[in-house]
Amino acid sequence: MKKNVLITGAAGFLGSHLCDYFLSKNYKVIGIDNFITGSPKNLSHLTTNSDFEFREIDITHDFKIDDSIDYILHFASPASPIDYLQIPLETLRVGSLGTENVLKIAFRNNARILIASTSEVYGDPLEHPQKEEYCGNVDPVGPRGVYDETKRFQEALTTAYHTFHGLNIRIARIFNTYGARMRVNDGRAIPAFMGQVLREESLTVFGDGSQTRSFCYIDDMVEGIYKLLHSNYSKPMNLGNPEEITLIDLANEIIALGGKNNKIIFKPLPINDPIKRKPDITKAMSILNWKPKISRKEGLENTFNYFRNLSFEELNKKEHKFA
Ligand code: NAD
């Protein structure tokens, strides 16, 4: 008998890849999404798959799932700064009200739930690399507070369901992840640089480009999430690729993939933009026997091939849907 997994945020970047991965592992998948930042296109290849069912639901309102559920992957939430700065209240609500609605479904079904938390719970970190025990440096009323604090609340709420109700929980602190199905205009560095290269524009680097990020390829991330779900570990766990790169070096690597002498232009660093980001994945390595396998070169090439195949309209769709 196949196990049922409920995936919130199924039409998004990570959620749609998780649907594919769990279907490939012989699960039945119910995907839910309200398309606020996701797209039906990310799931269009699954419409004929009898093990997949999609329901359009805004999880911040009460909703019912009558099927019996074994596992829940809670991934619904705007995730890119360009999104959550434009829909701050929706972002706060999905992490709080939405999370509690999903936790109640997990509780009723006695299902195991994994929530998508984020490296943003560390804010602009004063410790480097970031271990799970580090409590972070977040400004609750800064512009990024709407995302960072809803994710911190989400962790607290989920942990309270564990300690008070005995709910079986997993908390993935996900660091920057990239790959196919990201939106070219979602403001994150890799799609932004790739879009600029493909449109033969200058690349925009914020600050002087010396700030670092650590990018994990999507295939590695979904494998890590799968392993965490099936582990016995109920505290937060970092998942990400510890290989760190400055944004200026990243811009040059992406130009090398197919650029035509693109220039790099510099713009002021957004407020509270983290200077450094690098996961300590000692726990994931020892508890899950997991670490990223795909090199940045291979991951960037795969992702560039995805963006290269977008239509002219998609590549040039610069205006944002909330604008
Ligand atoms: P995304 O925007 O592509 O996907 C999020 C999905 O959630 C979208 O399809 C959106 O429509 C849906 N959603 C939002 N609010 C909803 C609501 N109220 N009801 C139903 N659906 C709703 O973002 P992503 O990059 O795939 O991120 C997915 C999750 O992973 C998020 O929780 C994010 O915080 C977390 N995460 C992502 C990264 C990353 O690098 N991509 C890093 C850390 C954490």
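Calculation notes
- Residues numbered from 1 in each chain as written.
- Predicted model: local features only at pLDDT ≥ 70, side-chain atom pairs only at ≥ 80, totals over all residues.
- Heavy atoms only, no water.
- Helix = DSSP H or I, 4+ residues; strand = E, 2+ residues; numbered from the N terminus.
- Rg over C-alpha atoms; globule rule 2.2 N^0.38 Å.
- Buried < 20%, exposed > 50% of the residue type's maximum accessible area, 1.4 Å probe, protein only.
- Contact = heavy atoms within 4.5 Å.
- Lys, Arg positive; Asp, Glu negative; His and termini not counted.
- Charge placed at Lys NZ, Arg CZ, Asp CG, Glu CD.
- Domains from an automatic or database assignment.
- Buried area = accessible area lost by both parts, 1.4 Å probe.
- Salt bridge = Lys/Arg side-chain N within 4 Å of Asp/Glu carboxyl O.
- Polar contact = N/O pair within 3.5 Å; in protein donor to acceptor, adjacent residues only side chain to side chain.
- Nonpolar A, V, L, I, M, F, W, Y, C, P; charged D, E, K, R; others polar.
- Near = heavy atom within 4 Å.
- Areas by Shrake-Rupley, 256 points an atom, 1.4 Å probe, with all protein chains shown as cover.
- Phe/Tyr/Trp six-rings, centres within 6.5 Å; stacked < 30°, edge-to-face > 60°.
- Pairing = 2+ DSSP bridges.
- Axes fitted to C-alpha atoms, helices over the stretch in contact; angles between N-to-C directions.
- Expected span 1.5 Å × (residues − 1).
- Bend = angle between axes of the 7 residues up to and from the residue.

Asks: Please explain the overall build of the protein chain as it appears in this structure.
Replies: What the protein chain contains, in helices and strands, is 10 helices and 13 strands. In terms of overall dimensions, the protein chain is globule-like: its C-alpha atoms have a radius of gyration of 19 Å, near the 20 Å expected for 323 residues. The dimensions of the protein chain, computed from C-alpha atoms along their principal axes, are 55 × 45 × 40 Å. When burial is assessed residue by residue, the protein chain has 54% of its 323 residues classed as buried. In the protein chain, the share of contacts with a sequence separation of at least 24, taken over all contacts with a separation of at least 6, comes to 81%. If the 39 positive side-chain charges of the protein chain are averaged to one point and the 40 negative ones to another, these points end up 3 Å apart.

Asks: Honestly, the domain arrangement of the protein chain in this entry has me stumped. Any pointers?
Replies: Reports of interface size often rely on the accessible area that becomes lost once the parts have come together. What the domain assignment lists for the protein chain is domain 1 (4–177 + 216–239) and domain 2 (182–213 + 243–278 + 295–315). Relative placement of domain 1 and domain 2: their C-alpha centres are 25 Å apart. On the domain 2 side, the residues contacting the 23 residues of domain 1 number 22 residues. Here domain 1 packs against domain 2, burying approximately 1,900 Å² in sum over the two surfaces, 49% of which is carbon and sulfur. By the criterion of area lost to domain 2, the three top residues of domain 1 are H128, R144 and Y217, representing 28% of everything that side buries. The interface formed by domain 1 and domain 2 holds 3 salt bridges in total. With its nearest N and O atoms 2.8 Å apart, the salt bridge here joins D83 to R183. Where domain 1 packs against domain 2, one counts 11 residue pairs in polar contact (both at pLDDT 80 or more). A per-class count over the side of domain 1 that touches domain 2 returns 8 nonpolar, 9 polar and 6 charged.

Asks: What is the right way to read the site of the ligand from this model?
Replies: Close contacts around the ligand come from 29 residues, with L14, D33, T37, Y147 and K151 the closest. F35 is positioned such that a nitrogen or oxygen atom in its backbone is 3.5 Å from an oxygen atom of the ligand. Alone, the ligand offers 820 Å² of accessible surface; in the complex the protein occludes 96% of this. Those elements that provide at least two residues to the shell around the ligand are α1 (13–24), β5 (112–118) and α4 (145–165). The element contributing the most residues to the shell around the ligand is β5, with 3 residues. Here the shell around the ligand is composed, by residue class, of 14 nonpolar, 11 polar and 4 charged.

Asks: Looking at this structure, how should I read the packing of aromatic side chains?
Replies: Given two aromatic rings, their pairing is described by the distance between the two centres and the angle made by the two planes. Scanning the model with the defined rule gives 13 aromatic pairs in all. Each ring, one from Y21 and one from F22, has its centre 6.4 Å from the other, and the planes form 70 degrees; the classification is edge-to-face. The exposure classification of Y21 matches that of F22, with both residues buried. Members of the aromatic cluster, each reached through a chain of ring pairs, are Y21, F22, Y27, Y71 and Y226.

Asks: What is the right way to look at unusual backbone geometry in this model?
Replies: What you tend to see is this: most non-glycine residues have negative phi, and most peptide bonds are trans. Cis geometry is adopted by the peptide bond preceding P129, which originates at H128 and carries an omega value of -10 degrees. Tracing the sequence through the fold places P129 in the loop between β5 and α4. With phi around 75 degrees, N26 is a residue other than glycine that occupies positive phi space. As for its position among the elements, N26 is in the loop between α1 and β2 (28–33). The exposure class of N26 is partly exposed, given its relative accessible area of 48%.

Asks: Sorry if this is basic, but what is going on with the sheet that holds β5 here?
Replies: Hydrogen bonding along the main chain pairs the strands of a sheet, whether they run parallel or antiparallel. With parallel pairing, 7 strands are arranged side by side in an open sheet as β3-β2-β1-β4-β5-β6-β11. Only two strands of the sheet have a single neighbouring strand rather than two, namely β3 (52–56) and β11 (236–239). Neighbouring strand axes in the sheet, compared pairwise and without regard to direction, differ in orientation by 20 degrees on average. When strand β1 (residues 4–8) meets strand β4 (residues 71–74), the two strands line up parallel, connected through 4 bridges. Counted as the bridge partner of I7 is L73 from β4. Those strands touched by α1 are β1, β2, β3, β4 and β6 (169–174), and its axis lies near 170 degrees from that of β1. In the packing of helix α3 (residues 88–109) onto the sheet, the strands contacted are β1, β4 and β5, and the crossing angle to β4 comes to about 175 degrees.

Asks: Sorry, what's going on with the environment of A10 here?
Replies: Turning to its location among the elements, A10 is positioned in the loop between β1 and α1. In this structure A10 comes out as buried when scored by relative accessible area, which is 0%. For the pair A10 and H74, spaced 64 residues apart in the sequence, the C-alpha separation amounts to 9.1 Å. Beyond its immediate sequence surroundings of up to four residues, A10 is in contact with G15, S16, C19, G31, I32, D33 and L43.

Asks: Whenever I open this one, α3 confuses me. Can you help?
Replies: Think of an α-helix as turning once every 3.6 residues; residues three or four places apart then point the same way. Helix length check: α3 (22 residues) gives 31 Å between terminal C-alpha atoms against 32 Å at 1.5 Å per residue, within 8%. Along its length, α3 shows its largest kink, about 35 degrees, at V94. Looking at the buried positions of α3, the neighbouring elements they touch are β1, β4, α2 (81–84), β5 and α4. Just downstream of α3, N110 is the residue with a positive phi angle, here 55 degrees.

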